[in-house]
Amino acid sequence: MSANTKALRTATVEPNENIIQKLLPHTELIAAVLCGILIFTGWMLSKNSLETASVISYVLAFIIGGFAKAKEGIEETIENKELNVEMLMIFAAIGSAIIGYWTEGAILIFIFAVSGALETYTMNKSHKEISALMELQPEEAVRITATGREEVVHVSELEIGDHILVKAGERIPSDGKIFRGQTNIDEAAITGESIPVSKKENDEVFAGTVNLRGTITIEITKLNEDTLFQKIIQLVQSAQSEKSPSQLFIERFEGTYVKVVLSVVAVMMFLPHYLLGWSWTETFYRAMILLVVASPCALVASIMPATLSAISNGARHGILFKGGVHLENLGHLKAIAFDKTGTLTKGKPEVTDIIHRPDLTKEEFIFNIGSIESYSTHPLAQAITKYAKQNGKAELKKPENMEDISGWGVQAVLSGVQWKIGKADFVGRDEAEAFLNGAYRQLAAEGKTIVFARDDKGIAGLVALKDVVRDETVAAIESLKKEGIHTVMLTGDSQKTAQAIASESHIDEYVAECLPETKVNEVKKLKERFETVAMVGDGINDAPALASASVGIAMGEGTDVALETADIVLMKNDLPKIAEAIHLSKKMNTIIKQNIIFSISVIMLLIASNFLQILDLPFGVIGHEGSTILVILNSLRLLKS
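Presented here is an overview of the structure given in this document. This is a predicted model, so every value here is computed, not measured.

About the cut-offs
- Residues numbered from 1 in each chain as written.
- Predicted model: local features only at pLDDT ≥ 70, side-chain atom pairs only at ≥ 80, totals over all residues.
- Heavy atoms only, no water.
- Helix = DSSP H or I, 4+ residues; strand = E, 2+ residues; numbered from the N terminus.
- Expected span 1.5 Å × (residues − 1).
- Buried < 20%, exposed > 50% of the residue type's maximum accessible area, 1.4 Å probe, protein only.
- Pairing = 2+ DSSP bridges.
- Salt bridge = Lys/Arg side-chain N within 4 Å of Asp/Glu carboxyl O.
- Axes fitted to C-alpha atoms, helices over the stretch in contact; angles between N-to-C directions.
- Parallel < 35°, antiparallel > 145°, perpendicular 65-115°, else oblique.
- Left-handed = near helix turned anticlockwise from the far one by under 90°.
- Contact = heavy atoms within 4.5 Å.
- Core = buried A, V, L, I, M, F, W, Y, C linked by side-chain atoms within 4.5 Å.

Let's talk about helix H12 (residues 304-316)
Part 1: Over its 13 residues, H12 runs 18 Å from end to end, which matches the ideal 18 Å to within 8%, given 1.5 Å per residue.
Part 2: The element H12 is largely enclosed, with a buried count of 11 among its 13 residues.
Part 3: Taken together, the buried positions of H12 are Met304, Pro305, Ala306, Thr307, Leu308, Ser309, Ala310, Ile311, Ser312, Asn313 and Gly314.

Here we look at the sheet that holds strand E5 (residues 183-186)
Part 1: Taken in spatial order, the 3 strands of this open sheet run E6-E5-E8, and their pairing is antiparallel. Strand pairing shows two members of the sheet lacking a second neighbour, strand E6 (197-199) and strand E8 (210-211), which therefore form its edges.
Part 2: Here E5 pairs with E8 via 2 bridges, running antiparallel. Along E8, the bridge assignment pairs Asp186 with Val210.

Side note on the pattern of salt bridges
Part 1: Going through the model one piece at a time under the given rule, you end up with 23 salt bridges.
Part 2: Here Asp203 ties to Lys200 by a salt bridge, and the two come within 3.8 Å at their closest N and O atoms.
Part 3: Lys577 serves as the salt-bridge partner of Glu580, at 3.9 Å between the closest nitrogen and oxygen. A residue pair is termed a helical-turn pair when its members lie 3 or 4 positions apart in one helix, as Glu580 and Lys577 do in helix H25 (residues 576-611) at 3 residues.
Part 4: A relative accessible area of 12% means that Lys577 is categorised as buried.
Part 5: Where salt bridges share partners, they join Arg143, Arg149, Glu151 and Asp162 into one cluster.

Considerations on the packing of helix H20 (residues 473-482) against H25
Each pair of packed helices can be summarised by the angle the axes make with each other and by the distance between the axes.
Part 1: In the contact formed by H20 and H25, the axes pass within 8 Å of each other and the chain directions differ by 25°. What the angle tells us is that H20 and H25 run roughly parallel. For the pair H20 and H25, the sense of crossing is left-handed. Here Ala476, Ser479 and Leu480 of H20 come into contact with H25, specifically with Pro576, Ile578, Ala579 and Ile582.

Looking at the nonpolar core
Soluble, globular proteins show a tendency: their nonpolar side chains are buried together.
Part 1: Ranked by size, the top nonpolar core spans 48 residues in total, and within it Leu108, Val261, Leu291 and Val292 carry the most contacts.
Part 2: Per-element accounting of this core gives the leading share, 9 residues, to helix H10 (residues 280-293).
Part 3: Once you skip the residues sitting within four places of it in the chain, Val261 turns out to touch Leu88, Leu291 and Ala294.

A word on the packing of helix H2 (residues 27-47) against helix H3 (residues 51-80)
Part 1: Between H2 and H3, the shortest axis-to-axis distance is 8 Å and the interhelical angle comes to 165°. By the angle class used here, H2 and H3 are roughly antiparallel. Crossing handedness for the pair H2 and H3: left-handed. Of H3, the residues touching H2 (which contributes Glu28, Ala31, Leu34, Cys35, Leu38, Ile39, Thr41, Gly42, Trp43, Leu45 and Ser46) are Glu51, Ala53, Ser54, Ser57, Tyr58, Leu60, Ala61, Ile64, Gly65 and Ala68.

Shown next as C-alpha cells:
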C-alpha cells in the first residue's frame, strides 16, 4: 500500500471516529428520536389502512426506543433478583400491544426513552464537571535537567525534587513550591476563588492552577497521583457514587412496590369482570393502564439527579461533599461548633496596640523593638517584626549580643543601649504593671497578649498582640443565626481570650481551655442537645471532634490533609461558604420533597382516574412519564443555583 493511500485512509477514518465518539453519549436521545419518527410513521400507515406495515413500524419503535431501558431492567433484575420499574414498563408496553393498542404502547416506550435520556443527561452533566476538571491538568511538563537543559516529559515521569519551568499563561502540571521567581496564580480550579493569589519563592503551588505572570521554576513536592488536584477528582467521583439515606430507602422501597403493583394488576385482570361487570377487553385495558400509571418512575428519579446536581454545583464553587449523606444531613443542622484558631481567627498573632514612654516617639520605639525581634524565631517576635517593617520608616538594624531566653523573651544591645523584650517577670513585674498607671490591664482584659520592652531608663513601652478575627467571620456567623443555627466556639485559650473572641465573632456560646478530648466531649454534649451538629476545624488537630460530629467540615485552604479528615471540605478558609453549603443542602432537600410529593400525587390521581374509567391509556402514559420528566427537570435547577 502506498504512503498516499495510507494517508487517505487515515484522513477518512479519523473524522468518522470523531463523529462516533461525539454521538456515543447521546445514543439514548438518538434512539428516542428514531422511536418518535417510527411511531409517527406507524400512525400514518395505519391511517392509510396499511396495517402490516404500521405494526412493523411500531415493533421497530418498541425495539429501538426500549432497548436501553429493557437491557438495564433485565440486567438489574438478574443481578438483584428483584423486579424493577424498567420491567414494569416493558410489561405495560407489551400488554398494550397484545390488546391492539400499538400506538399507546409505542408512545409509552417513547416517553420512557425520553425520560431515560434526560436522566442520563443529568448524570453526564454531573460527571462532565469532573471531566472538565481533569482536563485542566497538563499532560506534559518542561523539566530542567542537572545540566540545565530543558526537556519535555509526561507528568507521570516527574519525581519529587525535579525542577520544572512554567511560563506565563500555562497551567502548573504538578504540586510543588516555587524555587525561583514570583507570580500571581489563578487557583479557581482548586478553591473556586477567581481572584489571583500572589506567590513568591518557597510558596506552595498546585497542579491545575494557572501561572498568570512571568516564568517560574517549580520544585516538585508530590508525585502526580498524590497531588491535591487528583485527590479532589477522586473525592468528587466517590461522592457521586455514594447514595444518600433517602436514595437507599427509595431503592429498597422500589422492589416491594413493584411486587405489590404486579399483584394488584394480576387481580385486576380478572376481578372487575366478575364484580363490576366490565368486559374482558375493558378489564385487561384498565389493568394495563394501572400497570403504567402505578409504576414509581418519577418517585425513583426524585433523589439521585438532585443529589448529583448539588454535588457538582458545590465542587464548582470550592465546596467538596464526600457523599450524598453528608449533603443531606447539612440541611438539618441545629448547631455548629467552631475551632477558634485558623477558623474564626486568622491563626496568626497580629499587633493591635502600641504604648510607649512619652520621651520616645512611636517610630523610635517600633524601630528598636523591631530590630531586636527580627532576629528571633518566636511567632510573637515575627508578628512584631512584620508590624515594624510595615509601619516604620527606617530600615531595621542588626543588634549586638543577641540572646534568646526560651520562655521569657530576648535581650540585646542596640546602638549601645541594653534592651529586654518579653514577659513582665523578665523585664521586672512591678515596673511593668505600674507602667503608665497599669495601662496593660485593659488590654489583657480584652484577651490580648502583652509583650513589654525595657531599656536603660526603665520600661520603654509595651506591644499588645492578638489572633484577630477574620474580616468575614461576623457576617458568616450572623448568616448562620438567620438560618436558626446555634453557634459555639471551642478553644484551648484562656477564659479572657475566649470571651473576647466570642464577643467579637457574635458567637452564641464558648468553651475555653479545651484539649482535643474535651472538644470531643463538648461535641457529644451538643449532639444530646441539638441532635444534628457540625464541627468546623482545620482538619488536623480537630480530627477527633470532626469525626464525632454529625457533619465534619474542614477549612481546607487547599490542604490535602483536610480532604482526609472531614465529611465536607471548604477549599478556602472562607467561612461564608458554610452558609452557602447549608443553603445548597436545604434547597436540595426542598427539591427532593417537591419531587416526592408531586410524583406520589400524580400516581394517586392517575390510579383513581383509572378506576373511575375516565382515564385512557394515552393520557395515562403522558401523565405518568410526563411527571418523571418534570421531576428530573426540577432537579436540574440545582446545577445553576
